[in-house]
Amino acid sequence: MGGKYTVDEMVKCSKQELMLMVLAMQEQMERMNENLENLIEQIRVANLKRFGRHTEKMSELDGQLSFFNEAEYYSEDAGETELEEVLPQKERSKKQKGKREADLKDFPEEMHDHDVTEKQLNGIFGEGNWREIPTEEYKRLRYEPASWTVENHKVYVYVGTDGSHQDEFLRGDRPKDLLRNSIHTPSLGAAIMNAKYVNSLPLYRIEKEFQRNGVNLFRQTMANWVIRCSERYLSPLYDYLRTKLLEYHVNQADETPVEAIHDGRSAGSKSYMWVHRSGEMYTDRPIVLYEYQKTRNSGHPLEFYKDFQGILVTDGLEQYHKVGRELAGVINANCWVHARRDYADAVKAMGKSNPEAVKQSTAYQALARIGTIYKLEDTLKEMSCAERLKERKVSIKPLVEEYFKWVKERLADTSCLLKGKTTEGLRYSVNQEKYLKVFLADGEVPMDNSASERSIRTFCVGKKNWVLINSIRGAQASAIVYSISETAKLNDLNPYYYFKYLLEEVPRYMDEKGNIEASNLEALLLWSERLSTKCHKPRY
């Protein structure tokens, strides 16, 4: 429609002109309705992401629906299951006997006897009219806050007064300082790193907590300690772990935005923290490495993986696909969680008012198909890679092929106009089909990239607390410390004791130029047999 017509102008229009105007108005209304539906869906999805539960499992989509049973889903004669029947029933866990004893067994114990004196017994029962029966025993757990000790070091100095060494000085052996003329110690540095990078506390909160205990350590001082110690003592291990990571056949990668204040760009410019980790199937010696970069440019993963030969599991970001195209020997595999994410958003946006309509929707059917694949994949986790690959080819590959066939049929079906998130999900699957099928050809490749997202979660939690990073050096130091803490957690080590161990041992292995031999770095690795036993114990 062009302009706005008056009544007089409408009266003068011919029948043909009026018909054309009505058709144009219908077309315009269809476009407006489509845009309105898309906007409503976007608002619902945004509200759910902000206020709702962050889940993509159908059994947990705000209590809506459960995954189809595999046999029922592919059976034409299967009857419709009621919602109440498919919603999972929460089983009440049975209380384990001896759990408290097992939980408390590694702690030091103090005995507290609560006895009755013989005088009291004789006074109540009469002399000789009583006997002792089995005692009543119970345990309580006492907490004591962190303690502080000032180490007063004396280095004795002697001078020769006669003989061949007259006027020569001899000093007692003194431990190397981590930082020259600083009160910093391995235990204090480990405590700060553990609080900030494991427990996600910003430095100003650590500063306040120290002050409440009578210790005045300013956040600027602590930040300086972390940066200098990570650069001097932790970076050699970080670099060595990188060489170990690239030896794995399967790596996984992800990234998240972060803002660094003093990075030479205008305020608000996005930087990125990239995470690289060993494949999820490698549970023996997992490695997680963070890497700070100012941009999301494809050059960063290309540089990181230039010496890598194997499979890289990622989301559908083009930067990762470029790695697979430009680096010989690197195959890019995609994540099925991302393939189902748009469908989950579409189902969430439909609301709870009409469950039957939800079950008939394309998005729900897509989720059901992907859910069936996941259910079968979950049964293969304990298998060896060879057994897993064999079973995938038998039971999972036909379902994957059927899924992509179904997706293409839905997109080609002009009788059913799909919109919004559902269409985005279908197109994503078609565009990424080649990468989504890689796991079918290799038993070491996980079905999704969830392990990378879990590895970067601690950083994201911390980011919500401290919001900004002050400098590029600070961001790089954070990447190193996060790498070691996350790798320590995956290897069932206590991060605090491992930080303390590194800050004690690394200076001893360094030469005058600050270099460490590879054999010594091997001894410092998280799975080394020479590692302090304290690092393996969760508590004392």
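Now for a description of the structure that goes with this document. (Residues numbered from 1 in each chain as written. Predicted model: local features only at pLDDT ≥ 70, side-chain atom pairs only at ≥ 80, totals over all residues. Heavy atoms only, no water.)

### Quick word on the packing of helix α9 (residues 219-245) against helix α19 (residues 472-490)
- At a minimum axis distance of 9 Å, the contact between α9 and α19 shows a crossing angle of 50°. It follows from the interaxial angle that α9 and α19 lie oblique. Remark: the crossing between α9 and α19 carries left-handed chirality. Here Val226, Ile227, Arg228, Ser230, Glu231, Leu234, Ser235, Leu237 and Tyr238 of α9 lie close against α19, whose contacting residues are Arg473, Gly474, Ala477, Ala479, Ile480, Val481, Ser483 and Ile484.
- Classifying every residue of the contact of α9 with α19 by side-chain character gives ten nonpolar, four polar and three charged. (Axes fitted to C-alpha atoms, helices over the stretch in contact; angles between N-to-C directions. Helix = DSSP H or I, 4+ residues; strand = E, 2+ residues; numbered from the N terminus. Parallel < 35°, antiparallel > 145°, perpendicular 65-115°, else oblique. Left-handed = near helix turned anticlockwise from the far one by under 90°. Contact = heavy atoms within 4.5 Å. Nonpolar A, V, L, I, M, F, W, Y, C, P; charged D, E, K, R; others polar.)

### A word on the environment of Ile192
- When you line up the elements, Ile192 lands in helix α7 (residues 186-198).
- Sequence separation of Ile192 and Glu207 is 15 residues, and the distance between their C-alpha atoms is 9.6 Å.
- Residues within four places of Ile192 in sequence aside, it is in contact with Leu203, Ile206, Phe210, Met222, Trp225 and Val226.

### Here's the deal with the pattern of salt bridges
- Applying the stated criterion to the full structure yields 26 salt bridges.
- For the salt bridge of Glu505 with Arg508, the shortest nitrogen-to-oxygen distance reads 2.8 Å. Residue Glu505 and its partner Arg508 are located together in helix α20 (residues 495-509), separated by three residues, close to a single helical turn.
- With a relative accessible area of 14%, Glu505 lands in the buried category.
- The exposure class assigned to Arg508 is exposed, which follows from its relative accessible area of 60%.
- The structure contains a network of salt bridges with shared partners spanning Glu401, Lys408, Glu433 and Lys437. (Salt bridge = Lys/Arg side-chain N within 4 Å of Asp/Glu carboxyl O. Buried < 20%, exposed > 50% of the residue type's maximum accessible area, 1.4 Å probe, protein only.)

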